[in-house]
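# Inside the fold
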Amino acid sequence: MTALWIYLSVFGAFFILGVPVVVALGVAGIALLLTNQLSFFIFAQQWLMSTDNYSLTAIFFFMLAGEIMNTGGLTKRIVGLASKLVGKRPGGLAIIVGLGSMFFAAINGSAIATAAAMGSIMIPAMNDEGYAPEFSGAVVAAGGVVGPIIPPSIPMILYGTITGLSVAKLFAGGMFLGILIGITQFTISYFVSKKRGYTGSGKVYGTVHGSIWALLLPVFIFTTISFGVLTPTEASAFSVVYSLIISMWVYKEMSWKDLPKIIEKSFISTATVMAVVGAASVSAWILTSQQIPQKVAELIVSIVHTPTQFLLLSFFILILVGMVMDLTPAVLILAPVFIQPVAMLGVDPIHFGIIFVSVLVVGLITPPVGTLIYTSCSMTKRSFIQVSKELMPYTLASLAIILLSIFIPPIVTFIPSLIR
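Let me begin by describing the structure that accompanies this report.

Conventions used here
- Residues numbered from 1 in each chain as written.
- Predicted model: local features only at pLDDT ≥ 70, side-chain atom pairs only at ≥ 80, totals over all residues.
- Heavy atoms only, no water.
- Helix = DSSP H or I, 4+ residues; strand = E, 2+ residues; numbered from the N terminus.
- Buried < 20%, exposed > 50% of the residue type's maximum accessible area, 1.4 Å probe, protein only.
- Lys, Arg positive; Asp, Glu negative; His and termini not counted.
- Charge placed at Lys NZ, Arg CZ, Asp CG, Glu CD.
- 1 Å grid on protein atoms, 1.4 Å probe; cavity = no way out; pocket = protein on both sides within 12 Å on 5 of 7 lines; lining within 4 Å.
- Points joined across faces, edges and corners; volume = space filled by probe spheres on them.
- Nonpolar A, V, L, I, M, F, W, Y, C, P; charged D, E, K, R; others polar.
- Core = buried A, V, L, I, M, F, W, Y, C linked by side-chain atoms within 4.5 Å.
- Contact = heavy atoms within 4.5 Å.
- Phe/Tyr/Trp six-rings, centres within 6.5 Å; stacked < 30°, edge-to-face > 60°.
- Lys NZ or Arg CZ within 6 Å of the ring centre and 35° of its normal.
- Axes fitted to C-alpha atoms, helices over the stretch in contact; angles between N-to-C directions.
- Parallel < 35°, antiparallel > 145°, perpendicular 65-115°, else oblique.
- Left-handed = near helix turned anticlockwise from the far one by under 90°.
- Polar contact = N/O pair within 3.5 Å; in protein donor to acceptor, adjacent residues only side chain to side chain.
- Patch = residues over 30% accessible without salt bridge, like charges linked within 9 Å, V, L, I, M, F, W, Y side chains within 5 Å.
- Areas by Shrake-Rupley, 256 points an atom, 1.4 Å probe, with all protein chains shown as cover.
- Salt bridge = Lys/Arg side-chain N within 4 Å of Asp/Glu carboxyl O.

### Focus on the overall build of the chain
Within the chain, the secondary structure is distributed over 20 helices and zero strands. If one aligns the C-alpha atoms of the chain with their principal axes, the spans along those axes are about 65 × 45 × 45 Å. Counting the 420 residues in the chain, one finds 56% classified as buried. On the chain, the mean spot of the 19 positive side-chain charges and the mean spot of the 13 negative ones are 10 Å from each other.

Pasting the structure below:
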């Protein structure tokens, strides 16, 4: 276990100092190499091997599809349809953010991209209608949480790649859970808005014309993956082609000259994720060679004795991890450690995988390292504390739904059980 403490200490120290995550992970990996007297060639070898993975190409394609959607008019049509459906209700604009986030999440799979897309359109609108900016920021941040839970999900692609689990089943397991969290967010937004007098104007933001083309894509992605027609990677590539055709020849809001900038942004976003994947994989390989996952598994098994007890213990551990660590490195670091006790205790790996990813996703809106909180602060010009305070009901409600799925497994296991 010494190697684990060295790794966590080095990573934690650099992380606290504000060093970029990929650098902190890389230095921690080098520290493990030196401690175990291993060759530095292992660092390069494991980095390259971990990123040379066909399944991970889905990350780039889904990010590229999201960028095309924003530029080509699909996003504003999703917002337009959501505003048409719920815009007249009390808190209509806040509910539009939640509903629009669910639609957008079903194509993009990224929390930050979802929050940024919804915030760019809806925060100015909410300000014009008299919503408190800190509340607007909280609603946008909470909507971003749904992004990596509803399929397709970039963190679930990473988790499936690391653990060898079916990404399609992980996608399916997140569907109903994500919808439940979204409905809970609508309910909170409605009652808070009604109490504060935030009325719905009924104004359509964006446009409804042609919104059916935007809605067909998430339905196609989920259906083809669930029935095994396409792999997640193939579906992600199709989403790019579909978004491109709709944006350029149906909506006619995008041209070839927009493509270089879109591709550049997608490459940068993907490179950021892949760099973290590479750095974390080095440490994961060393820790595995030292049998750290097995030792952690034995420790956990000595404390808990049933699958439910293990899920509850993991739930509370992951809440703490999510408060101090960003989503991607947390998935990459902890997945190899937790998968061993999952097998030893006979826990449904798909059930655990959904719980694992979902709790860490909620960590994006928990202080002090809530990435989505900072994203909302930058868009609303409000302080971290102001937005965090407004986020509290959304955070607690999201965690409550995930906790409920521990005691009622079919919430996340029923749909995956239908997939062969």
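Back to the write-up after that little detour.
### Some details on the layout of surface pockets
Estimates place the volume of the largest pocket at around 740 Å³. As for the largest pocket, its lining consists of 29 residues, and the residues nearest its centre are Met63, Ser110, Ile112, Ser269 and Val273. Among the secondary structure elements, those contributing two or more residues to the lining of the largest pocket are α2 (21–35), α4 (57–72), α7 (111–128), α9 (154–163), α13 (259–289) and α16 (327–344). Split into classes, the residues belonging to the lining of the largest pocket amount to 17 nonpolar, nine polar and three charged.

### Observations concerning the nonpolar core
The biggest cluster of nonpolar side chains holds 136 residues, and the ones touching the most others in it are Leu25, Tyr159, Phe310, Phe352, Phe356 and Leu391. Apart from the residues within four sequence positions on either side, Tyr159 is in contact with Leu165, Leu170, Val331, Ala335, Ile339, Phe352, Gly353, Phe356 and Val357. If you look at the next biggest cluster of nonpolar residues, it comprises ten residues, including Leu64, Ala65, Met248 and Ile262.

### Things to note about the side chain of Ser243
Within the fold, Ser243 resides in helix α12 (residues 232–250). Once residues within four sequence positions are removed from consideration, Ser243 is found in contact with Ala65, Ile68, Met69, Leu74 and Leu217.

### Focus on the packing of aromatic side chains
Applying the stated criterion to the full structure yields 18 aromatic pairs. Geometrically, the ring pair formed by Phe43 and Trp47 is tilted, given 5.6 Å between the ring centres and 40 degrees between the ring planes. In this pair, Phe43 and Trp47 both sit in helix α3 (residues 41–51), four residues apart, roughly one turn of the helix. Take Phe43: its relative accessible area is 17%, and that puts it in the buried class. Ring geometry for Phe315 and Phe316: centres 5.2 Å apart, planes at 85 degrees, overall edge-to-face. An aromatic cluster of at least three residues, connected via ring pairs, comprises Tyr159, Phe310, Phe338, Phe352 and Phe356. Directly above the aromatic system of Tyr251 lies the positively charged group of Arg77, at a separation of 3.6 Å from the ring centroid.

### Digging into the packing of helix α15 (residues 307–324) against helix α17 (residues 349–362)
It is at 8 Å that the axes of α15 and α17 come closest, and there the two elements cross at 25 degrees. Here α17 runs roughly parallel to α15, going by the angle between their axes. For the element pair α15 and α17, the recorded crossing hand is right-handed. The segment α15 lies against α17, with Phe310, Leu311, Ser314, Phe315, Leu318, Ile319, Val321 and Gly322 engaging His351, Phe352, Phe356, Val359 and Leu360. Classifying every residue of the contact of α15 with α17 gives ten nonpolar, three polar and no charged.

### Description of empty space enclosed by the protein
Under the defined criterion, the tally for this structure stands at one cavity of 30 Å³ or more. Its boundaries defined by the atoms lining it, the largest cavity holds a volume of some 50 Å³. Tyr7, Ala280, Ser283, Ala284, Leu287, Thr288, Pro293, Leu332, Ile333, Pro336 and Val337 together form the lining of the largest cavity. Secondary-structure elements contributing two or more residues to the lining of the largest cavity are α13 and α16.

### Description of α9
The element α9 is largely enclosed, with a buried count of eight among its ten residues. Buried within α9 are the following residues: Ile154, Pro155, Met156, Ile157, Leu158, Tyr159, Gly160 and Thr163. Lining the buried residues of α9 we find α4, α6 (92–108), α10 (167–196), α13, α16 and α17. With a side-chain oxygen lying 3.2 Å from the backbone nitrogen of Met156, the N-terminal cap of α9 falls on Ser153. At the C-terminal side of α9, Gly164 shows a positive phi close to 80 degrees.

### Looking at the packing of α9 against α10
In the contact formed by α9 and α10, the axes pass within 9 Å of each other and the chain directions differ by 140 degrees. Classified by the angle between their axes, α9 and α10 sit oblique to one another. In this structure, α9 crosses over α10, and the sense of that crossing is right-handed. Listed contacts from α10 to Met156, Ile157, Tyr159 and Gly160 of α9 are Val167, Leu170, Phe171 and Gly174.

### Remarks on a nonpolar patch on the surface
There is a patch of nonpolar side chains on the surface, built from Ile212, Trp213, Leu216 and Val250 and spanning about 340 Å² of accessible area. Broken down by element, the nonpolar patch gets its largest block of residues, three residues, from helix α11 (residues 211–226). Its place among the elements puts Trp213 in helix α11.

### Some remarks on the side chain of Thr413
Position of Thr413 among the secondary structure elements: in helix α20 (residues 410–417). A distance of 2.9 Å separates a polar side-chain atom of Thr413 from the backbone oxygen of Pro409. Not counting the four nearest positions on each side in its chain, Thr413 is found in contact with Asp348 and His351.

### A few points about unusual backbone geometry
For the bond running from Pro151 to Pro152, omega is 0 degrees, close enough to zero to count as cis. Topologically, Pro152 is positioned in the loop between α8 (133–146) and α9. In this structure, Lys252 is a non-glycine residue whose phi angle is positive, near 55 degrees. For Lys252, the location among the structural elements is in the loop between α12 and α13. For Lys252, a relative accessible area of 66% translates into the label exposed. Positive phi values are uncommon outside glycine, yet Lys381 reaches one of about 60 degrees. You can see Lys381 is positioned in the loop between α18 (371–380) and α19 (384–407).

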